[in-house]
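Structural overview for review
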There are 2 protein chains.
Amino acid sequence: MRNWEKYIRKVEPYVPGEQPKDVNVVKLNTNENPYPPTPKALEAVAAFDIDRLRLYPDPEASVLIEAISNRYNINKNQIFVGVGSDDVISMCFMTFFNSDKPVLFPDISYSFYSVWADVHKVKYETVALDENFNIIPETFYKENGGIIFPNPNAPTALYMELDKVEDIIRHNQDSVVIIDEAYIDFGGKSAIDFVNKYDNVIVVQTYSKSHSMAGVRIGFAFGSPELIKALNDVKFSFNSYTMNAYSLICGVAAMEDEDYFNAVVSKIINTRETAKSKLKELGFSFPDSKANFIFAKHESVPAKVIFDKLKQRGIYVRYFNKEKIDNYLRISIGTDEQMEKLYAALKEIIKEEK
Amino acid sequence: MRNWEKYIRKVEPYVPGEQPKDVNVVKLNTNENPYPPTPKALEAVAAFDIDRLRLYPDPEASVLIEAISNRYNINKNQIFVGVGSDDVISMCFMTFFNSDKPVLFPDISYSFYSVWADVHKVKYETVALDENFNIIPETFYKENGGIIFPNPNAPTALYMELDKVEDIIRHNQDSVVIIDEAYIDFGGKSAIDFVNKYDNVIVVQTYSKSHSMAGVRIGFAFGSPELIKALNDVKFSFNSYTMNAYSLICGVAAMEDEDYFNAVVSKIINTRETAKSKLKELGFSFPDSKANFIFAKHESVPAKVIFDKLKQRGIYVRYFNKEKIDNYLRISIGTDEQMEKLYAALKEIIKEEK
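None of these values were measured; they are calculated from a predicted model. (Residues numbered from 1 in each chain as written. Chains lettered and ligands numbered in written order. Predicted model: local features only at pLDDT ≥ 70, side-chain atom pairs only at ≥ 80, totals over all residues. Heavy atoms only, no water.)

1. Considering the packing of aromatic side chains
Put simply, the test is: Between rings of Phe, Tyr and Trp, where Trp is taken as its six-membered ring, a pair exists when centres lie within 6.5 Å; planes separated by under 30 degrees are stacked, by over 60 edge-to-face, and by other angles tilted. Note on exposure labels: buried denotes an accessible area under 20% of the residue type's maximum, exposed denotes more than 50%, and partly exposed covers the range between, all computed with a 1.4 Å probe on protein chains only. Helix numbering and strand numbering both begin at the N terminus, where a helix is a DSSP run of H or I of at least 4 residues and a strand a DSSP run of E of at least 2.
This model, assessed by the stated rule, comprises 45 aromatic pairs over all chains. Where A:Phe140 meets A:Phe149, the ring centres are 5.7 Å apart and the plane angle is 40 degrees; that geometry is what we call tilted. Exposure class is identical for A:Phe140 and A:Phe149. Each is buried. Summarising the aromatic geometry, the rings of B:Phe48 and B:Tyr246 are spaced 5.1 Å apart at their centres and angled 65 degrees between planes, so their arrangement reads as edge-to-face. Here the residue B:Phe48 occupies a position in the loop between α1 (39-47) and α2 (62-72), and B:Tyr246 occupies one in helix α8 (residues 245-256), the gap between them amounting to 198 residues.

Below, the structure written as structure tokens:
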């Protein structure tokens, strides 16, 4: 071993959901939106003077912050933006979680939390869900250096009512509490009002799901002016110009077109509710979903078998080879047409396996 | 002080060069390219199917890696890409600089190096330049946990010949040596061949200057397959999807249009050489520049006075209120027309101050 190799950081590389290059794949594996972004984004892109690409983008992303401020009726100094909610949450870990006490998050949850804790050298402990995958607020009532949980949770899709979220916040006034609302627009109620009521709360959302813009990489966070200032100070000390020109203009267009957003979200919710009956008929059970995916297991066919056989048929869903959830599939909600293909394939597979 | 405030990371916020919203400003303050990006980028943007924004971008940025690979005739497994060279270098600090020995860089250099060292909790020491701002290779011949320097250096614009760069590398086979070539295309020779000769060398370049694409946020690095794999492992463990869809397609278009690139770079070099005579005539002296900026002081008028008076006239240059360089201005090379405005304004200001 050469000497410099000793100083290379060792990490467990994350394996993201497959991004097949074949466009004929029915892609229900990464919780993307099956509908295109608002047509206003295309207009904004066409109207953009490409000569301006030679300039650094506005480091403060002012146009985007303003569009988000108008849409959510919240002050501009309470909004932070980053390169996807992964960037926003990683920045939160770096900014807020510098205590010696462990940060808490659910044991079945977004897999990146433990990764960011490791990257930023933050201690953590996981707290157990109940036997139906519900978050138990009381598990968070102990000494900690910070709290983060998704609502709805991933990959379970289970939503926690806001009174329980508030219970967790009220019992944790000594640390920063982050609510990761990547999937909130599909039927849950956002905790956004708590950022005005409690100055230690951060609510994170994303363009990647409900806004049909995973490709632009924008995440955003709401918080008290103190917390947002702290995030910006760290971000500016680190990499000032992260939000590129096209993402800014697409992001503004999406925020401004609330009607389009509402129509898309309604369609996905309708398809999801149909999917719940269809999957039940096929012998699946699942926690009740308020997200754009369903976390389902079959009464007789193992998840891994279904996963592989769906893939052979050009239908991609997500399978996690992890304790407690290794008999579940995470199925993103696609268009009605895509879902019909899924039901037909599942029917065949279940028949084959009988 | 509330308890959670104790755990907030304290940082020295970086103040980026001003990005005035007034488009009439003659903007010579952030080393941007005065010419637009290749027209091929506009074609690529127009041809892009915006519906694909709903999908996550390819986490491996394959199309971009391939375009860079073709252009530089280097293997794809020797290329890493990130959100601007700031992101790339920060990721290098995180990945390679985990020794207890200090990382070395010049005392007058890119101001972010010390910031990233602090953010990633890396020890560092600066090494002195000579009285003419040249890097002295011998100052790097001591125990260290890594080395980074820009070539040409910033903000001095001074280029170091490749035999001296190689001296530094040869004397430092026990740590990773990073050569930050943000400005290399304006007349210097790249150290890229050293990444095949030495497996501990990283060469970093950017789209922000010579490619006229500061707005797309792309930086890239060359290195041995081992070093590039280590960078990718850290990046994927952290935030897999950082390169957004539009940046990828613009980045490919720019890499492929080498003729346009060469024409733009030649124009800037010509303008810079004219600027050298003009500024000398006006009483300025400066290290010989091989970058797209000149680091100049005036024989009688203090830099701060010139800076303020230029700004009043709508001409922005950069002034650093820092020891050893606080009588210098960093002037980006603009179009010939912009530079004529600069010379005229400088003439007036110098006359006023006599």
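2. Some remarks on the pairing of strand β4 (residues 124-127) of chain B
All names here are of chain B. Test applied: Here, a strand pair is defined by DSSP locating no fewer than two bridges between the strands. Here a crossover is taken to be right-handed if, once the strands point away from the viewer, the path from the first strand over the helix to the second is traced clockwise.
Bridge analysis of strand β3 (residues 103-106) against β4 gives four bridges, and the strand direction is parallel. Bridge assignment links Phe105 to a residue of β4, and that residue is Thr126. On the question of chirality, the crossover connecting β3 to the parallel β4 by way of helix α4 (residues 112-119) is right-handed.

3. Brief notes about the interface of chain B and chain A
What counts is decided by this rule: Residue contacts are counted whenever heavy atoms from the two residues lie within 4.5 Å of one another. Buried area adds together the accessible area that both of two parts lose upon being put together, with accessible area traced by a 1.4 Å probe. Whenever a carboxyl oxygen of Asp or Glu lies within 4 Å of a side-chain nitrogen of Lys or Arg, that contact is scored as a salt bridge.
Taken together, the contacts link 86 residues of chain B with 86 residues of chain A. Taking both partners together, chain B and chain A bury about 7,200 Å²; carbon and sulfur atoms supply 59% of that area. A per-residue breakdown of the area chain B buries against chain A is headed by B:Trp4, B:Arg54 and B:Tyr56, which together make up 12% of the total. The interface formed by chain B and chain A holds four salt bridges in total.

4. A short note on the domain arrangement of chain A
Residue and element names in this part refer to chain A. Definition in use: Where each domain starts and ends follows an automatic or database-derived domain assignment. By the criterion applied in these results, polar contacts are pairs of N or O atoms within 3.5 Å in which, for protein atoms, one can donate a hydrogen and the other can accept it, and in which residues neighboring in sequence qualify only through two side-chain atoms. Residue type decides the class: Asp, Glu, Lys and Arg count as charged, Ala, Val, Leu, Ile, Met, Phe, Trp, Tyr, Cys and Pro as nonpolar, and the leftover types, Gly among them, as polar.
Domains assigned within chain A are domain 1 (3-37 + 259-353) and domain 2 (40-257). Spacing between the C-alpha centres of domain 1 and domain 2 amounts to 24 Å. The partner domain 2 presents 30 residues to the 31 residues of domain 1 that form the contact. Applying the counting criterion to the domain 1 and domain 2 interface returns one salt bridge. Note that Asp107 and Lys324 form a salt bridge whose closest N and O atoms lie 2.8 Å from each other. There are 11 residue pairs in polar contact (both at pLDDT 80 or more) connecting domain 1 and domain 2. Counting only elements with at least two residues in the side of domain 1 that touches domain 2, the list comes to α9 (258-281) and β10 (293-298). Classifying every residue of the side of domain 1 that touches domain 2 by side-chain character gives 17 nonpolar, five polar and nine charged.

5. Digging into the pattern of salt bridges
Should the charged atoms of two oppositely charged side chains come close, the side chains can pair. Residues and elements named next belong to chain A. Across all of its chains, the model carries 38 salt bridges over all chains by this definition. Lys142 is the partner of Glu125 in a salt bridge, and the nearest nitrogen-oxygen pair spans 3.2 Å. Of this pair, Glu125 sits in strand β4 (residues 124-127) while Lys142 sits in the loop between β4 and β5 (146-150), placing them 17 residues apart in sequence. Overlapping salt bridges bring together Lys309, Arg313, Glu348, Glu352 and Glu353 as one network.

6. Here's the deal with the sheet that holds strand β13 (residues 329-332) of chain A
All names here are of chain A. The strand order β9-β10-β13-β12 describes an open sheet built from four strands, whose pairing is antiparallel. The open sheet has two edge strands with one neighbour each: β9 (284-285) and β12 (318-319). Note: β9 against β10, two bridges, orientation antiparallel. Across the sheet, residue Phe284 finds its bridge partner in β10, namely His298.

7. Considerations on helix α7 (residues 225-236) of chain B
Residues that lie three or four places apart on an α-helix share one face, since the helix turns once every 3.6 residues. Let me state the cut-off plainly: Expected span of a helix: the number of residues minus one, times 1.5 Å.
Taking 1.5 Å of rise per residue, the 12 residues of α7(B) would be expected to cover 16 Å, and the 16 Å separating its terminal C-alpha atoms lies within 8% of that figure. Every buried residue belonging to α7(B) is among B:Leu227, B:Ile228, B:Ala230, B:Leu231, B:Asp233, B:Val234, B:Lys235 and B:Phe236, and all of these are buried. Looking at the buried residues of α7(B), the elements they touch are α4 (112-119) of chain A together with β2 (79-82), α3 (84-96), β7 (201-206) and β8 (219-222) of chain B.

8. Considerations on the packing of helix α1 (residues 39-47) of chain A against helix α8 (residues 245-256) of chain A
Residue and element names in this part refer to chain A. Basically, it comes down to this: For every element, the axis is a line fit to its C-alpha atoms; helices are fit only across the contacting stretch, and the angle between N-to-C directions ranges from 0 to 180 degrees. Roughly parallel here means an angle under 35 degrees, roughly antiparallel means over 145, roughly perpendicular means 65 to 115, and every remaining angle is called oblique. Should the near helix be turned anticlockwise from the far one by less than a right angle, the crossing is termed left-handed; should it be turned clockwise, right-handed.
Contact geometry of α1 with α8 gives a least axis separation of 8 Å together with a crossing angle of 140 degrees. What the angle tells us is that α1 and α8 run oblique. Helix-helix and strand crossings are classified by hand; for α1 and α8 the assignment is right-handed. Mapping the contact onto sequence places Lys40, Ala41, Ala44 and Val45 in α1 and Tyr246, Ile249, Cys250 and Ala253 in α8.

9. Thoughts on empty space enclosed by the protein
Where we set the bar: With a 1 Å grid laid over protein atoms only, a set of points is called a cavity when a 1.4 Å probe fits there but cannot get out and a pocket when it is open yet has protein on both sides within 12 Å along at least five of seven lines; lining residues have an atom within 4 Å of a point. Grid points are joined across faces, edges and corners, and a volume is the space filled by probe spheres set on the points.
The final tally for this structure, using the stated rule, is eight cavities of 30 Å³ or more. Considering only enclosed or pocket space, the largest cavity measures out at about 150 Å³ in volume. For the largest cavity, the lining is made up of 13 residues, of which A:Asp87, B:Asp87, B:Phe238, B:Asn239 and B:Thr242 are closest to its centre. Every element with two or more residues in the lining of the largest cavity is listed here: α3 (84-96) of chain A together with α3 of chain B.

10. Some details on the relation of the copies chain B and chain A
Quick note on the threshold: C-alpha atoms of residues with pLDDT of at least 70 in both copies form the basis for the least-squares superposition of the copies.
Least-squares fitting of chain B to chain A yields an RMSD of 0.0 Å, with the transformation described by 0.0 Å of translation along the axis and a rotation of 180 degrees. Accordingly, the operation relating the two chain copies is best matched by a two-fold axis. It is B:Tyr246 whose C-alpha, among those of chain B, lies nearest the rotation axis, at 3.3 Å. Interface residue correspondence from chain B to chain A reaches 100%, placing this contact among same-surface, isologous pairings.

11. Considering the UniProt feature "modified residue: N6-(pyridoxal phosphate)lysine" (unreviewed entry) in chain A
So the rule is basically this: UniProt positions are given in the numbering used here, feature names are shortened, and annotations may be inferred rather than shown by experiment.
Feature annotation in UniProt places "modified residue: N6-(pyridoxal phosphate)lysine" (unreviewed entry) on A:Lys209, given in this structure's numbering. Structurally, A:Lys209 can be placed in the loop between β7 (201-206) and β8 (219-222). Discounting residues that sit within four places of it in the chain, A:Lys209 has contacts with A:Thr30, A:Asn31, A:Asn33, A:Ala182, A:Tyr183, A:Phe186, A:Asn292 and B:Tyr56.

12. Some thoughts on unusual backbone geometry
Residue A:Pro155 is bonded to the preceding A:Ala154 through a cis peptide linkage, with omega at 5 degrees. Relative to the assigned elements, A:Pro155 resides in the loop between β5 and α5 (162-170). If you check the backbone angles, A:Ala157 has positive phi at about 75 degrees while not being a glycine. Relative to the helices and strands, A:Ala157 is located in the loop between β5 and α5. Its identity as a non-glycine residue notwithstanding, B:Ala61 has a phi of 50 degrees, on the positive side. On the secondary structure map, B:Ala61 appears in the loop between α1 and α2.

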